[in-house]
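As a plain string of letters, each chain reads:
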Amino acid sequence: VLPAEAKVTWKAPSNIALVKYWGKHPNQIPANPSISFTLDACSTTTSVSFTKRDSKDTDFSFDLTFEGKSKEDFKPKVNTFLNRIDRYLPFLKEYHFNIETSNSFPHSSGIASSASSMAALALCFMDIERQLNPKMSNDFFNMKASFLARLGSGSACRSIEGDLVTWGEHGGLTESSNLYGIKYPLEVHPIFKKYHDTIMLVHKGQKQVSSTVGHNLMKGHPYAKQRFQQAHQNLDRLRSILAQGDVEDFIEVVESEALTLHAMMMTSTPYFILMKPDTLEIINKIWHFRKETKTPICFTLDAGANVHVLYPESVKEKGNQFIQDELVAHCEKGHYICDRIGNGARKL
Ligand code: PMV
């Protein structure tokens, strides 16, 4: 039995996909498998306090504050999420929830907070669920938290655990599922255990096309079939790359994935471009620097203009210096975020 009232708090990280999820079926089922680095610095912290309600209502009851302020415009998203997870968490309508959430990164940074925020909220609800079922194993807890987070935002299911997470059925990974993300179960070379991701904030405004719209444009997309096949092939390729620590081939797969994601946007109907001139300037500078200095530094992109600059711990000084000298000038107001591979969400 749940106490009449209590509070739980979870901190969940963002993640950056190496093989991208772009295109989905109903119920947030991915059209292709994906794999991501869990991040560390970019995170959402969410507290959910709950109090027993008097009446058994048919609607959910919750208040929401974002960084200390009441946020009415976030409420419909949370309401949709509650509707989707209601059947898996039967206690939701019996309580009033007070949800307090904040991000470690500025709201208007062009960094999507949907993955970390949906993961943090799913974990808070799972924590309440665990109080009802105290014998629940940690594996089940993580799996169901990921399952629920997926229903909030697909990529959120990869924000429960660290440090590499894969989501979506794939022949080479028998444990993988379309319903939740799992910690990458195969061998990973130490070089990929300590990776930096410095996020260049090229454009901090809201993006013109949401990822929901983008996913839907993969329906009837002329290159959809080949793209989904390619994602499987790239996951297969990554298997030996990750095991052997082959950074050169890693770069080839990861950069190709980023550009393919944006190529899908440019070749859909309607077509659109999320990259900005500074996105391309940064990419060109990375290519030039890599060629000149043989430093294994590369980029990936999300569904936006910001550039994630990826490099191993062994070239940290060189990478940071290059970013300072050449890339920061292309960021809006010179802003960027130093992040790295992280270990997943935790309870506070
Ligand atoms: O989780 P969504 O629906 O916001 O989709 C995210 C899609 C990408 O970030 C572009 C790729 C990915 O796999 O995270």
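Cut-offs and rules
Along each chain, residues carry numbers from 1 onward, in the same order as the chain's sequence is written. For this predicted model, a pLDDT threshold of at least 70 governs which residues receive local features, and a threshold of 80 or more governs which side-chain atom pairs are given and counted, while totals over whole chains, interfaces and linings are taken from all residues. As annotated, the domain borders come from an automatic or database domain assignment. Whether two residues are in contact is decided by their C-beta atoms, placed from the backbone, lying within 7 Å. Each helix corresponds to a stretch of at least 4 residues labelled H or I by DSSP, and each strand to a stretch of at least 2 residues labelled E; elements are numbered beginning at the N terminus. Under the grouping applied here, Gly and all other residues not named as nonpolar or charged are polar, the nonpolar ones being Ala, Val, Leu, Ile, Met, Phe, Trp, Tyr, Cys and Pro and the charged ones Asp, Glu, Lys and Arg. The term nonpolar core refers to a group of buried residues, namely Ala, Val, Leu, Ile, Met, Phe, Trp, Tyr and Cys, whose C-beta atoms join them within 7 Å. Exposure classes come from backbone-placed C-beta atoms, where a residue is buried if 20 or more other C-beta atoms lie within 10 Å of its own, exposed if 12 or fewer do, and partly exposed in between. Paired strands, as defined in this entry, are two strands with at least two bridges between them according to DSSP. To get an axis, a line is fitted to the C-alpha atoms, and for a helix only the part in contact is used. The angle between two axes follows their N-to-C directions and goes from 0 to 180 degrees. By definition, a residue lies near a molecule or strand provided its backbone-derived C-beta atom is within 6 Å of it. Values of pLDDT, the confidence the predictor places in each residue, fall between 0 and 100. UniProt positions are given in the numbering used here, feature names are shortened, and annotations may be inferred rather than shown by experiment.

- An unreviewed UniProt entry annotates the protein as Diphosphomevalonate decarboxylase originating from Flagellimonas ochracea.

**Details of the domain arrangement of the protein**
How big an interface is tends to be reported as the loss of accessible area on association of its parts.
Right, on to step 1. Splitting the protein by domain gives domain 1 (5-188) and domain 2 (190-340).
Right, on to step 2. Between domain 1 and domain 2, the residue contacts involve 29 residues of the former and 37 residues of the latter.
Right, on to step 3. Mapped onto the side of domain 1 that touches domain 2, the elements with two or more residues apiece are strand E1 (5-19) and strand E4 (34-52).
Right, on to step 4. No other element matches the seven residues that E4 contributes to the side of domain 1 that touches domain 2.
Right, on to step 5. Broken down by class, the residue content of the side of domain 1 that touches domain 2 amounts to 16 nonpolar, eight polar and five charged.

**Section: the nonpolar core**
Right, on to step 1. Ranked by internal contacts, the top residues of the largest apolar core, which has 92 residues, are Ala-119, Ala-122, Leu-123, Met-200 and Val-309.
Right, on to step 2. Ranked by residue count, the leading element in this core is helix H2 (residues 114-132), at 11 residues.
Right, on to step 3. Two domains each put at least three residues into this core: domain 1 (5-188) and domain 2 (190-340).
Right, on to step 4. With residues near it in sequence (within four places) discarded, Leu-123 still touches Trp-10, Ala-12, Ala-145, Ile-160 and Ala-345.

**Examining the sheet that holds strand E11 (residues 298-301)**
Right, on to step 1. What the four strands build is an open sheet, ordered E11-E12-E10-E13; its pairing is antiparallel. Looking at the sheet topology across the chains shown, the edges are occupied by E11 and strand E13 (336-340). Between one strand axis and the next, the sheet turns through 25° on average, direction left out of account.
Right, on to step 2. Bridging between strand E10 (residues 195-200) and E13 involves five bridges; their strand directions are antiparallel. Note that in E13 the partner of Met-200 across the bridge is Tyr-336.

**Side note on the environment of Asp-249**
Right, on to step 1. Along the chain, Asp-249 turns up in helix H6 (residues 247-266).
Right, on to step 2. By C-beta crowding, Asp-249 is classed as partly exposed, having 14 other C-beta atoms within 10 Å.
Right, on to step 3. The sequence separation of Asp-249 and Thr-38 amounts to 211 residues, and the corresponding C-alpha distance is 20 Å.
Right, on to step 4. Leave out the neighbours within four places in its chain, and Asp-249 touches Arg-237 and Ile-241.

**Looking at the site of the ligand**
Right, on to step 1. Surrounding the ligand, one finds 15 residues, the nearest of these being Ala-17, Tyr-21, Ser-155, Ser-211 and Ala-303.
Right, on to step 2. Three or more residues apiece are contributed to the shell around the ligand by two domains, here domain 1 (5-188) and domain 2 (190-340).

**Quick look at the pairing of E11**
Right, on to step 1. Here E11 shows two buried faces, one formed by Cys-298 and Thr-300 and the other by Phe-299 and Leu-301.
Right, on to step 2. In this sheet, strand E12 (residues 307-312) lies alongside E11 in antiparallel orientation, the contact comprising four bridges. Residue Thr-300 lies in a different strand from E12, and its bridge partner there is His-308.
Right, on to step 3. Hairpin connection, E11 to E12: the antiparallel pair is bridged by five residues.

**Regarding the pairing of strand E8 (residues 164-167)**
Right, on to step 1. Judged by which residues are buried, E8 turns out to be covered on both faces: Leu-164 and Thr-166 on one side and Val-165 and Trp-167 on the other are all buried.
Right, on to step 2. Here E4 runs beside E8; their pairing, made up of four bridges, is antiparallel. What sits directly across from Phe-37, in E8, is Leu-164.
Right, on to step 3. Two strands pair when backbone bridges link them, and E8 and strand E9 (residues 181-183) are joined in this way by three bridges, in the antiparallel orientation. When the bridges of E9 are listed, Val-165 appears paired with Lys-183.

**Things to note about the confidence of the model for the protein**
Right, on to step 1. Taken over all residues, the pLDDT of the protein has a mean of 95, while the share at 70 or more is 99%.
Right, on to step 2. ipTM for the predicted complex: 0.99, alongside a pTM of 0.96.

**Side note on the UniProt feature "domain: Mvd1 C-terminal" (unreviewed entry) in the protein**
Right, on to step 1. Here, the residues flagged by UniProt with the feature "domain: Mvd1 C-terminal" (unreviewed entry) are residues 199-323.
Right, on to step 2. What you have in residues 199-323 is 58% helix and 10% strand, and the ends, taken at the C-alpha atoms, are 10 Å apart.

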